[in-house]
Amino acid sequence: MNRSSAEPLAEAPSRRQLWVDGVGGFMLLTSPDVLIGQATPQSGVDVPILGDVSRRHAWIRRRGSEYVVEPLAEVRRRGKLLEQPTALSDGDLVQLGRSVVLSFQKRHPLSASAVLRLVSSQRTEPATDAILLMAETCILGPRSCNHVVCGGWKQDVVLYKQGEGLHVRSPGAFQVNGRAVRNKSPLVADCSVQGEDFSFYLERLAASA
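Here's a quick rundown of the structure. Only a predicted model underlies this, so the values are computations on that prediction, with no experimental measurement involved.

### Points about the overall build of the protein
Secondary structure assignment for the protein yields zero helices and 21 strands. The C-alpha atoms of the protein give 17 Å as radius of gyration, which agrees with the globular expectation for 209 residues (17 Å, within 12%). Projected onto the principal axes, the alpha-carbon positions of the protein cover approximately 50 × 35 × 30 Å. Across the 209 residues of the protein, 50% fall into the buried class. Within the protein, counting contacts between residues at least 6 apart in sequence, those at least 24 apart form 41% of the total. On the protein, roughly 9800 Å² of surface is accessible, and the fraction owed to carbon and sulfur atoms is 49%.

### As for the pairing of strand β6 (residues 66-71)
Side chains Tyr67, Val69 and Pro71 project from β6 onto a buried face, and the interleaved Glu66, Val68 and Glu70 project onto a face without burial. Between strand β5 (residues 58-63) and β6, which pair antiparallel one after the other, the connecting turn spans two residues, and Gly64 there sits at a positive phi close to 65 degrees. Both β6 and strand β9 (residues 86-87) contribute to a ladder of two bridges, which runs antiparallel. Following the sheet pairing, Val69 is matched in β9 by Thr86.

Reading the values: the criteria
- Residues numbered from 1 in each chain as written.
- Predicted model: local features only at pLDDT ≥ 70, side-chain atom pairs only at ≥ 80, totals over all residues.
- Heavy atoms only, no water.
- Helix = DSSP H or I, 4+ residues; strand = E, 2+ residues; numbered from the N terminus.
- Rg over C-alpha atoms; globule rule 2.2 N^0.38 Å.
- Buried < 20%, exposed > 50% of the residue type's maximum accessible area, 1.4 Å probe, protein only.
- Contact = heavy atoms within 4.5 Å.
- Areas by Shrake-Rupley, 256 points an atom, 1.4 Å probe, with all protein chains shown as cover.
- Pairing = 2+ DSSP bridges.

See below:
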């Protein structure tokens, strides 16, 4: 990692891995335009998939609070072959090629962020439990509508954009890279966040070549 751990975490590049203790690993993407394709060294995609998909297979684009899937190769939504950009709804199954299937979820009533999950047997590179398409906020906590559901947490923890940086907010005191903070804090590269009943680590991902 080339960046200093004290350097504020700016928005670009926009790929990060979020490791939530006891829950799993999540690819956190902050760009409104996300390219999905094959996990090859030269693919240049945001979501590299180890599976039978094209090198650059589809865009998922956020416009305001809405999302559309734009096919660059064979894409089906709810079993129907797409020939043009098509809006996505919560619960949609999006099939790429013959075998890769993603579930699109947009359930939190107060956030435009969405979640993609691989429901077929392939995996992403690096492997993740889900892909977080972050708009202004990403909410972690015990409620079933949260973007990352964390059983055992007492309350929500919110990642949010502010200016050029990424911040975290939670009621009360917690620590960021071992430094005590209260209620909110900017995040830095390779950032560890720990509270009374929660802990997670945010890691910058190298841009896909």
